[in-house]
Amino acid sequence: MILTQQKESVVLSDGDLLSTIKMELDLDSQQVIMQMLSKNLYSDEIGSPIRELVSNALDSHRRAGVDKPIIVSFKPTSDNNYEFTVEDFGVGLDANDVTNIISKYGRSLARYEENTLGAMGLGFKSPLAYTSSFYFIGRKNGIEGKWMMYEGENGNSIDPLYSKPTDQPNGTKVIVPVRYNSKSSFITKMREQLAYFESVYFDVVNNSIVNDFNIFREVDFQFSELASDDRLHICLDNVYYPIDFTKLGISNIPVPIGLRFNLSDGLCPTPNREALRYTPDAKRIILDKISKVADYLVDKYNETITETANINEVFSYYHRFDRRISLLRGSFSINSILSNATKKIKQPKLVGVELLDLSRLYEKRGALLGEYQVKYWINNHKMYEQNSIRTLTLDELSSVYIFSEKIGGNKRDYLREQCSHSCTFKLVKKNPYTLYDKSKFFGPYASYCSILKLHMCPKSEWRQRIKEFQFIQRMYTDTFIDIDALVVPQQWLDARKKQRVSSAGLSGGGVRGVKLKGEVCGKEAKPFEKYVSGRNCKWEPNTFQLESLHKIPSLIVYTSYDNCLALDPLYHISLYKEKMKFLTFSPREMRVLEKMSIHNLITYEEFMEGKTKTFKRLITAYLINKLINQNSSTFTYKAYFKTISKSLFEKVDTLKQYRDDHYTSESAKIYEAMLEVAEEHNLFDLEIYSIYQEVKNLLARLPFIETVMRAVPLSNHYLADKEHASKLIEVLRDLFKYYRYRIDYTNYK
């Protein structure tokens, strides 16, 4: 980098001019100056040496015209520490270069070349900011030498270690010893400082940095999958610099891309090259670049906005505040940079709509179905009348039936029968909008004038605007089923008639039916149709064939009518998870059942003895759920164990899956009663219970597992999560080794 020569100031004097005193360096203070220019120059003692050494290597390649990659290595050493090395294949070093260039503070060949990164003659000494000594090997013209640079009592020094002939090509290799506790910091800083160097090959322990990352480049910016800065930053000839938004006078811009600048664009780094100088010209240059990049991102986003025939896509656009674009394997929001753009975000268009403002229609979207009033609704085969006035919403578009005046009895019964347990039918009537407000109707959607603000538009456009509104309405209402036009199938009418005849014969012409031989009458637990505080089920009368009870593929638990509340919590904890039925009977029917021997029929008291598989599964799942609640992060992020201990992952995964299969929700009183019995007689699902005990004891012995797993990032940034995950896995691996917990052999040397 060519530095601008400082110009001599013009001095205006009044009177006689005294002699000028030239400033110079105090040679007696050279030790202090050298320490200041190496040890104390850099605030980032790890990131700066990485940047400086790789930049020097790149300059050497450019000077020699070499297109080989620079090798950046981070490997363990025999003394359980690490070694950071940067090797290039450029012009190389010999003893003369070390004496006349490397040993001199401020001496730099790059100062007179335009396409080089160096200029200050300080970067090669930067490792002294981290360590008191380091090594470097130079190969030039068939001779290889090795030197050690170190801090001494009387100043920094360089000692030659050996010199020998070599057939290797010219180049330089710098070797920096790294302390064990700096391992994570070095890997993090390598990702940060070298994210945009495409001519670098990484050889890093445990593949913490891989070489298959991609860099997306445009004229004014670039995006690297290796970069860890989530905010807008600067790449000065691919050297990373964070932006000081305060000095620029703008708000923080959380867009993870780097603004591209050449060395000749007018930006200058500070002497330690850890930051840029924010001169008035530099600020203007950076702000102009931000504006160009913002315009590019707006254009890129606008390419995704096209004319559509789907109103839901339009509404989805206005529902999402976040404007995002995708680059490589990630995506990010551009909202924060839009204020710097000169171009505007494009709005979606709907086919067939020319006049309506779709953004305003989104705000008034409830008016699209405001004409349709819910009169009845059917759920679980029962019809209910809507007491208060309620209009249909866009979230209720499934299973909507529209009628004009009245629903006939057969149609009503037919619709009730068609309704499933999980679906609700809405029966609505239409109250058409009028052009102007009617005094007898009050509400937000009274007329076309109030909805579409027609008074603010030319009268010649009114008809067209109303037609477009109705056109959008039909996109939703075309799915409605017209009850008036609905024809009840004749087959259903015939079956209904036959059923009535059969029922009349059994009941003796309308008299209450006589119980048939081999039947018992009781009540069966069924779910409530709406929430009832303190209760989980209702009891519906039913008749059961004794000869068919054993064919029911469920465990049947029964008790007397008077004891039905005892079954209520059991129904709750087994709901959807266990195949169980719950029945209640009169004392007479209870005596009949007691004489029977039906394999899947037991009393409530027998069930609470805990000898059934269902009981054991429920109480085992309850214990596992308590363990999961106490170690929620461990079970949520169990996938982190895959590369460390496959066995531990499988055990944790097995417990979580078992809990999900057999546990519904907690009803403390019934579970505690069951647990007391289970613990006294060891009534658990023993195969799973042994895994539960093993994992429980492990988590109690190694509490760091849950602590570390709580540090799993919640960020949505793909690359940040990937980097954090790698660090967490490394921490877990080291802690498991420290506490002597055996992990997969691939994690050992």
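The rules behind each value
- Residues numbered from 1 in each chain as written.
- Predicted model: local features only at pLDDT ≥ 70, side-chain atom pairs only at ≥ 80, totals over all residues.
- Heavy atoms only, no water.
- Salt bridge = Lys/Arg side-chain N within 4 Å of Asp/Glu carboxyl O.
- Helix = DSSP H or I, 4+ residues; strand = E, 2+ residues; numbered from the N terminus.
- Buried < 20%, exposed > 50% of the residue type's maximum accessible area, 1.4 Å probe, protein only.
- Patch = residues over 30% accessible without salt bridge, like charges linked within 9 Å, V, L, I, M, F, W, Y side chains within 5 Å.
- Areas by Shrake-Rupley, 256 points an atom, 1.4 Å probe, with all protein chains shown as cover.
- Lys, Arg positive; Asp, Glu negative; His and termini not counted.
- Charge placed at Lys NZ, Arg CZ, Asp CG, Glu CD.
- Axes fitted to C-alpha atoms, helices over the stretch in contact; angles between N-to-C directions.
- Parallel < 35°, antiparallel > 145°, perpendicular 65-115°, else oblique.
- Contact = heavy atoms within 4.5 Å.
- Phe/Tyr/Trp six-rings, centres within 6.5 Å; stacked < 30°, edge-to-face > 60°.
- Pairing = 2+ DSSP bridges.
- pLDDT = per-residue confidence, 0-100.
- Arc of directions from axis to C-beta.
- Polar contact = N/O pair within 3.5 Å; in protein donor to acceptor, adjacent residues only side chain to side chain.
- Core = buried A, V, L, I, M, F, W, Y, C linked by side-chain atoms within 4.5 Å.
- Nonpolar A, V, L, I, M, F, W, Y, C, P; charged D, E, K, R; others polar.
- Expected span 1.5 Å × (residues − 1).

### Brief notes about the pattern of salt bridges
Summed over all chains, the structure comprises 32 salt bridges. Between Asp220 and Lys289 there is a salt bridge, with the nearest N and O atoms lying 3.1 Å from each other. Residue Asp220 is located in the loop between strand E8 (215-217) and strand E9 (221-224), and its partner Lys289 is located in helix H6 (residues 280-302); the two are separated by 69 residues in the primary sequence. Accessibility assignment for this pair places Asp220 and Lys289 in one class, buried. Overlapping salt bridges, with partners in common, bring together Asp44, Lys189 and Glu192 in one network.

### Things to note about a negative patch on the surface
A contiguous patch of negative charge on the surface is contributed by Glu672, Glu676, Glu679 and Glu680. Residue placement: Glu679 occurs in helix H19 (residues 668-681). By relative accessible area, which is 54% here, Glu679 ends up exposed.

### Some thoughts on the packing of helix H13 (residues 564-574) against H19
Where H13 meets H19, the axes come as close as 9 Å, and the angle between the chain directions of the two elements is 90 degrees. Between H13 and H19, the crossing angle belongs to the class labelled roughly perpendicular. Here Pro569, Leu570 and Ile573 of H13 lie close against H19, whose contacting residues are Ile670, Tyr671 and Met674.

### Focus: the environment of Leu583
Note on placement: Leu583 falls in strand E23 (residues 580-585). A C-alpha to C-alpha distance of 8.5 Å links Leu583 and Leu567, two positions 16 residues apart in sequence. Residues contacting Leu583, with those up to four places away along its chain left out, are Lys523, Glu524, Trp539, Phe544, Ile556, Val557, Tyr558, Thr559 and Leu567.

### A short note on the packing of aromatic side chains
Tallied over the entire structure, the rule returns 37 aromatic pairs. Aromatic side chains Phe544 and Phe585 sit 6.2 Å apart centroid to centroid with 75 degrees between the ring planes, which places their arrangement in the edge-to-face category. Of this pair, Phe544 sits in strand E21 (residues 538-545) while Phe585 sits in strand E23; the two residues are 41 residues apart in sequence, bridging distant segments of the chain. Across the pair, exposure class does not vary: Phe544 and Phe585 are buried alike.

### Focus on the pairing of strand E15 (residues 372-379)
Here E15 lies mainly inside the structure; six of its eight residues are buried. Taken together, the seven bridges between E15 and strand E18 (residues 424-430) define a ladder with antiparallel strand orientation. Across the sheet, residue Val374 finds its bridge partner in E18, namely Val428. In this sheet, strand E16 (residues 382-385) lies alongside E15 in antiparallel orientation, the contact comprising four bridges. Paired with Tyr376 across the two strands is Glu385, which belongs to E16. Between E15 and E16, which pair antiparallel one after the other, the connecting turn spans two residues, and Asn380 there sits at a positive phi close to 55 degrees.

### Quick look at the environment of Arg710
Along the polypeptide, Arg710 turns up in the loop between helix H21 (704-709) and helix H22 (718-738). Sequence separation between Arg710 and Thr636 is 74 residues; the distance between their C-alpha atoms is 9.7 Å.

### Description of the confidence of the model for the chain
Confidence in the prediction of the chain, expressed as mean pLDDT, is 85, and 87% of residues score 70 or more. Note on residues 1-7: pLDDT under 50 across the span, and 17 contacts to partners over four residues away in sequence or across chains. This model gives residues 715-720 a pLDDT under 50, and the stretch forms 13 contacts once residues within four places in sequence are excluded.

### Topic: helix H7 (residues 311-319)
Among all positions of H7, only Ile311, Val314, Phe315, Tyr317 and Tyr318 are buried. Each buried residue of H7 lies within a common arc of 150 degrees when the element is viewed along its axis, so the set occupies one face. Where H7 is buried, its residues touch H6, helix H8 (358-363) and helix H11 (462-477). At the N-terminal boundary of H7, the capping side chain belongs to Asn310, with an oxygen 2.9 Å from the backbone nitrogen of Asn312.

### Comments concerning the sheet that holds strand E5 (residues 155-165)
Pairing between the strands of a sheet is mediated by backbone hydrogen bonds and can be parallel or antiparallel. Taken together, seven strands build an open sheet; the order of strands is E5-E4-E3-E6-E2-E1-E7 and the sheet is mixed. The strands lining the two open edges of the sheet, one partner per strand, are E5 and strand E7 (200-204). For this sheet, the mean inter-axis angle between neighbouring strands, taken without regard to orientation, is 15 degrees. The pairing of strand E3 (residues 133-140) with strand E6 (residues 171-178) spans five bridges and is classified as antiparallel. In the strand pairing of E6, Phe136 is matched with Val174.

### Concerning the environment of Met383
Inspection of the secondary structure puts Met383 in strand E16. Met383 sits in the buried class, given a relative accessible area of 18%. Sequence separation between Met383 and Phe425 is 42 residues, and the spatial gap between their C-alpha atoms is 9.0 Å. Beyond its immediate chain neighbours, meaning those up to four positions away, Met383 contacts Tyr376, Trp377, Ile378, Arg412, Arg416 and Leu427.

### Focus: the nonpolar core
In this structure, Phe74, Phe84, Phe136, Phe202 and Phe469 are the most contacted members of the largest nonpolar core, which totals 111 residues. It is H6 that contributes the most residues to this core, nine residues altogether. Among residues more than four places away in sequence, those in contact with Phe74 are Tyr82, Glu83, Phe84, Val178, Lys183, Phe186, Ile187, Met190, Asp203, Val204 and Val205.

### With respect to the packing of H7 against H11
Look at H7 against H11: their axes get within 10 Å of each other, and the N-to-C directions meet at 105 degrees. The orientation of H7 relative to H11 falls into the category roughly perpendicular. Two secondary-structure elements touch here, H7 through Ile311, Asn312 and Phe315 and H11 through Ile472, Met475 and Tyr476. Each residue belonging to the contact of H7 with H11 can be placed in one class, and the counts come to five nonpolar, one polar and no charged.

### Remarks on the pairing of strand E12 (residues 258-261)
In this sheet, E12 lies alongside E9 in antiparallel orientation, the contact comprising two bridges. Counted as the bridge partner of Phe221 is Leu259 from E12.

### A short note on the side chain of Asn747
Within the secondary structure, Asn747 sits in the segment after H22. On the basis of relative accessibility, which here comes to 8%, the residue Asn747 falls in the buried class. In terms of polar contacts, Asn747 uses its side chain to reach the backbone carbonyl oxygen of Thr643, at 3.2 Å. Among the polar contacts listed, one links the side chain of Asn747 to the side chain of Arg733, at a separation of 2.5 Å. Those residues within four positions of Asn747 in sequence are excluded, and the remaining contacts are Thr643, Ile644, Arg733 and Lys737.

### Side note on helix H2 (residues 47-64)
With 18 residues, H2 ought to run about 26 Å at 1.5 Å a step, and its terminal C-alpha atoms sit 26 Å apart, in line with that. Buried residues dominate H2, accounting for 14 of its 18 residues. Among the residues trailing H2, Gly65 stands out with phi positive, at a value near 70 degrees.

### Section: the sheet that holds E12
Read from one edge of the open sheet, five strands run E8-E9-E12-E10-E11, paired in mixed fashion. Every other strand in the sheet has two partners, leaving E8 and strand E11 (239-242) as the edge strands with one partner each. On average, each strand axis in the sheet is tilted by 30 degrees relative to the strand beside it, whichever way the strands run. Along the sheet face, H6 touches E8, E9, strand E10 (233-236) and E12 and points at about 120 degrees away from the line of E12.

### Here we look at unusual backbone geometry
In this model, Asn207 sits at a positive phi of 50 degrees, which is unusual for a non-glycine residue. The residue Asn207 is located in the loop between E7 and E8 in this model. Here the phi dihedral of Asn238 falls at roughly 75 degrees; this positive angle occurs in a residue that is not glycine. The topology assignment puts Asn238 in the loop between E10 and E11. Here Asn238 falls in the buried class, since its relative accessible area comes to 12%.

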